[in-house]
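# Architecture at a glance
In case you want the letters, here they are:
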Amino acid sequence: NEYSYADYDEYYREYYTEMYSTTVMGSVKLYKLEQEFMQILKKSTIELQKQINMIQIYLKYFKRPKCSNQNECKKYVAKPLNAFRLMRRIHQDWPQWLKLIKSGNEADYIKQLENEIVPKLPESHDMLEMLKNLHRVETTYGIRVHDYANGKMPKTQSNWTLTVRDCVTMGNYGYQIHDYQRAGMWYQYALNQRPEVNGESYKQMLGDPLDHARLKYAQTILIHAEVHRNEPALAMQEIRDEVEQVLSEVDAKSINDLVNDRLHQSVTEFELNDNQTTVYNRYKHRWAHMSGCRGMFRQHTNLVCRYNFTTSPFLQLAPMKLEEISLDPYIVQYHDVLSDNEIEDLKREGIKGTMINGWTSLKSSNATENESRTIVARVAIMSPSLEIVQRINRRIIDMTGFNIEESKTIQLAAFSVGGFFMPHYDYLYDRLLDTDVLKKLGDRVASVIFYAGDVTEGGATNFPRNQLVVQPKKGSALFWYNKFDDGSPDPRSLHSICPVVVGSRWTITKWIHQDSQMFLQPCSLQPSSST
Ligand SMILES: O=C(O)CCC(=O)C(=O)O
Ligand SMILES: [Fe+2]
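Given the structure is predicted, the values throughout are model-derived calculations rather than measurements. (Residues numbered from 1 in each chain as written. Chains lettered and ligands numbered in written order. Predicted model: local features only at pLDDT ≥ 70, side-chain atom pairs only at ≥ 80, totals over all residues.)

Scanning the protein from N- to C-terminus turns up 20 helices and 15 strands. When burial is assessed residue by residue, the protein has 29% of its 531 residues classed as buried. Partitioning the intrachain contacts of the protein with sequence separation of at least 6 by distance along the chain shows that 72% fall at a separation of at least 24. (Helix = DSSP H or I, 4+ residues; strand = E, 2+ residues; numbered from the N terminus. Buried ≥ 20, exposed ≤ 12 C-beta atoms within 10 Å, placed from the backbone. Contact = placed C-beta atoms within 7 Å.)

Spelled out as structure tokens, the structure:
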């Protein structure tokens, strides 16, 4: 399988290009870029002001009596020196003034904007990725638009408010992906906002967002109603085309009447159907994933915390705090297994190396240009030659008793807001075992996830089939089996990651492969043997 350069280019872009939207660092870069932009704009006002001052002086100083008819003009130029001065000014001075005015276009600040800001602007796929992330948080947690726009997350309050333009953009995204329920709520919210301070000036420059929102809202109302009346009869896109066609033919007043009528109802039809249109309810596991993320699983009690002394000789000296999350299937969380310093070392090395985009799925061979794949995290595959990686591998051996001789890399992942993973199995079974590396290593019998940080809100590891969620806790590690002792896959190991709501989520993933374990006793970890 050799890559041509063209393929490699594509590969490079897909996996290596850092987007602003997918990491906190990316957002920091954007924040700095905006500050730079503001600096340059500030400079531009000074330069422009200078120019304005000069022009005003010119206008004042060279003020002439206005000649409103032929005779008056004649009278002025009849004085010979006036004619001379007129000639001289126009011949000598005016070109200079023209130059001054034109120089505005070559001003430093414009060059700076072009050279330093424009090349760094985010592209539309970057913006799209961010909208996907926000939409995922919104729909997974069922956050109301009013709350979202005011930073009120299910568990934490953040200090932000979205502007009308922000809300219309959220609406447009919903509309674009056929989520008319969310689109309707965002448009409605935007249209109900009081006019912004300086709104008129913004409108002049950026256009009136509400003009557009009014029409979109009307379209959304009709599409939403039609979709619910008529679900299987027409495809979404057909309904949309039809509604857009109909509304392009009616007068503005009818649209306004429709919009105004709806706007003043306090609870809209959109809100009433809260979980009908999200994609999640079409799939059982997706639904369970969402329930878990929303905190709807029952609480598990009767489990214990204890110290693990037994897995390795080392543990007899430094036992690990172990919390049983579930006995069957066996899922445990080790606490305080990574120190803050180790975490810092690891992140530093990870960031220093190459981080690549972690995608939701492999690119299918018949993928079209804008296939709906999503970046879930930035990932670094870290080499076992690094001291910190050796330490962590040592820790994994101590914790689990497994042999990881053959696969000593570890994977660092950074998820930013919206970062997630849909329910999946870590075992490959017969899926990818035909690749050389995996043939050698064997399937992934067990998985270890270290939490390299706390997450302010969201980001739980979710086991939908067991109705269990585990919130990341800095320095702790989660361990579970993906397969039964006989090597057959355990479907209860299905797991997912709830979207990050606030903050970022750092983890280290280690898959424990089958073949190194041939001569070990995986059942030594069963709770019966260690209590
Ligand atoms: O980070 C987690 O909680 C789980 C990660 C995961 O499922 C994976 O890397 O396979
Ligand atoms: Fe996984």
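Still more to cover.
Attention now moves to the domain arrangement of the protein. The figure often quoted for interface size is the accessible area lost as the parts come together. Parsing the protein into structural domains produces domain 1 (24-120), domain 2 (143-274) and domain 3 (286-530). Taken together, the contact between domain 2 and domain 3 spans four residues of the former and four residues of the latter. The class makeup of the residues in the side of domain 2 that touches domain 3 is one nonpolar, two polar and one charged. (Domains from an automatic or database assignment. Nonpolar A, V, L, I, M, F, W, Y, C, P; charged D, E, K, R; others polar.)

The next subject is the sheet that holds strand 13 (residues 495-497). If you trace the four strands from one edge of the open sheet to the other, you get 7-13-10-11, paired in antiparallel fashion. Because the sheet does not close on itself, it has two edges, and the strands there are strand 7 (421-424) and strand 11 (468-470). Across this sheet, the average inter-strand angle for adjacent strands is 15°, counted without regard to direction. Judged from the two bridges that link them, strand 7 and strand 13 form a sheet pairing that is antiparallel. Residue pairing in the sheet places His424 in a bridge with His495 of strand 13. Sheet contacts for helix 15 (residues 284-293): strand 7, strand 10 (461-463), strand 11 and strand 13; angle to strand 7, the most-contacted strand, approximately 125°. (Pairing = 2+ DSSP bridges. Axes fitted to C-alpha atoms, helices over the stretch in contact; angles between N-to-C directions.)

For the pair helix 11 (residues 209-229) and helix 12 (residues 236-249), the least separation of the axes is 9 Å and the interaxial angle reads 135°. Comparing the axis directions of helix 11 and helix 12 gives the class oblique. In the crossing of helix 11 with helix 12, the sense of the turn from one axis to the other is right-handed. Contacts from Leu215, Ala218, Gln219, Leu222, Ile223, Glu226 and Val227 in helix 11 reach Met236, Ile239, Arg240, Val243, Glu244 and Leu247 in helix 12. For the contact of helix 11 with helix 12, a count of residues per class yields nine nonpolar, one polar and three charged. (Parallel < 35°, antiparallel > 145°, perpendicular 65-115°, else oblique. Left-handed = near helix turned anticlockwise from the far one by under 90°.)

Moving on: the sheet that holds strand 2 (residues 320-326). In space, the nine strands of this open sheet follow the order 1-2-3-12-8-15-6-5-4, with antiparallel pairing throughout. This sheet does not close on itself; its edge strands, each paired only once, are strand 1 (305-308) and strand 4 (356-359). Going across the sheet, the axis of each strand differs from the next one's by a mean of 30°, ignoring polarity. Sitting on the sheet, helix 17 (residues 340-352) touches strand 5 (375-382), strand 6 (410-415) and strand 15 (505-513), and the angle it makes with strand 5 is about 100°.

Our next topic: helix 9 (residues 180-191). Between the first and last C-alpha of helix 9 there are 16 Å, a value that for 12 residues agrees with the 16 Å anticipated at 1.5 Å per step. By the criterion of burial, helix 9 is predominantly enclosed, with 12 of the 12 residues buried. (Expected span 1.5 Å × (residues − 1).)

In a packed pair of helices, the relevant descriptors are the angle between the two axes and the axis-to-axis distance. Where helix 8 (residues 164-176) contacts helix 11, the two axes come as close as 10 Å, and the packing angle between them is 35°. Here the hand of the crossing between helix 8 and helix 11 comes out left-handed. Residues Val164, Arg165, Val168, Gly171, Asn172 and Tyr175 of helix 8 lie in contact with helix 11, whose contacting residues are Pro209, Leu210, His212, Ala213, Lys216 and Thr220. Partitioning the contact of helix 8 with helix 11 into residue classes produces six nonpolar, four polar and two charged.

This part covers the environment of Asp485. Along the chain, the position of Asp485 falls in the loop between strand 12 (477-481) and strand 13. A sequence separation of 350 residues divides Asp485 from His135, and the C-alpha atoms of the two residues are 40 Å apart.

Let us now look at the nonpolar core. Within soluble globular proteins, side chains that are nonpolar generally end up buried alongside one another. The biggest cluster of nonpolar side chains holds 59 residues, and the ones touching the most others in it are Tyr334, Leu412, Phe450, Ala477 and Phe479. In terms of nonpolar packing, the next biggest core, distinct from the first, is built from 26 residues, Val164, Met185, Ala190 and Ile223 among them. (Core = buried A, V, L, I, M, F, W, Y, C linked by C-beta atoms within 7 Å.)

Summary statistics for the protein give a mean pLDDT of 84 and a share of 85% for residues scoring 70 or more. Low pLDDT (under 50) marks residues 276-281, which in the prediction has nine contacts with non-local residues, meaning those over four places away or in another chain. A low-confidence stretch, residues 521-531 stays under pLDDT 50, and its non-local contacts, those more than four residues away or across chains, total 13 contacts. Here the predicted complex scores 0.85 on pTM and 0.98 on ipTM. (pLDDT = per-residue confidence, 0-100.)

Okay, the site of ligand 1 next. Around ligand 1 sit Phe421, Asp426, Ile449, Thr461, His495, Ile497, Thr507 and Thr509, and those are all the residues in its vicinity. Breaking the shell around ligand 1 down by element, the ones donating at least two residues are strand 13 and strand 15. Per-class residue counts for the shell around ligand 1 are three nonpolar, four polar and one charged. (Near = placed C-beta within 6 Å.)

The subject of this paragraph is the environment of Ile351. Relative to the helices and strands, Ile351 resides in helix 17. Between the C-alpha atom of Ile351 and that of Leu412, which follows or precedes it by 61 residues, the distance is 9.5 Å.

Before going further, it helps to spend a moment on the environment of Ser312. Mapped onto the elements, Ser312 comes out in the loop between strand 1 and helix 16 (313-317). What makes Ser312 partly exposed here is the crowd of 16 C-beta atoms within 10 Å. Separated by 170 residues in sequence, Ser312 and Gly142 place their C-alpha atoms 45 Å apart. In this structure, Ser312 is in contact with Ile397, Asp398 and Gly401, ignoring residues within four places of it in sequence.

Across the five residues that make up strand 3 (residues 331-335), a large majority, four, are buried. When strand 2 meets strand 3, the two strands line up antiparallel, connected through five bridges. Counted as the bridge partner of Glu324 is Val332 from strand 3. For strand 3 and strand 12, the ladder comprises four bridges, and the chain directions are antiparallel.

Take helix 12 next. With 14 residues, helix 12 extends 20 Å from end C-alpha to end C-alpha; this agrees with the ideal 20 Å at 1.5 Å per step. Along helix 12, the positions that sit buried rather than exposed are Ile239, Arg240 and Val243. Seen from one end, helix 12 has its buried residues packed into an arc of 95°, which puts them on one side. Exposed and oriented more than 90 degrees from the buried face of helix 12 are Gln237, Glu238, Gln245, Ser248 and Glu249. Its buried side turned inward, helix 12 meets helix 11. (Arc of directions from axis to C-beta.)

The next subject is unusual backbone geometry. Residues other than glycine predominantly adopt negative phi, and peptide bonds predominantly adopt the trans conformation. For the bond from Asp328 to Pro329, the omega torsion is 5°, close enough to zero to count as cis. Mapped onto the elements of the fold, Pro329 is located in the loop between strand 2 and strand 3. The backbone of Asn198 shows a phi angle near 60°, a positive value even though the residue is not glycine. Here Asn198 lies in the loop between helix 9 and helix 10 (199-206). Classification of Asn198 as exposed rests on a count of 8 C-beta atoms within 10 Å. A positive phi angle, close to 55°, is found at Asp336, a residue other than glycine. Secondary-structure assignment places Asp336 in the loop between strand 3 and helix 17.

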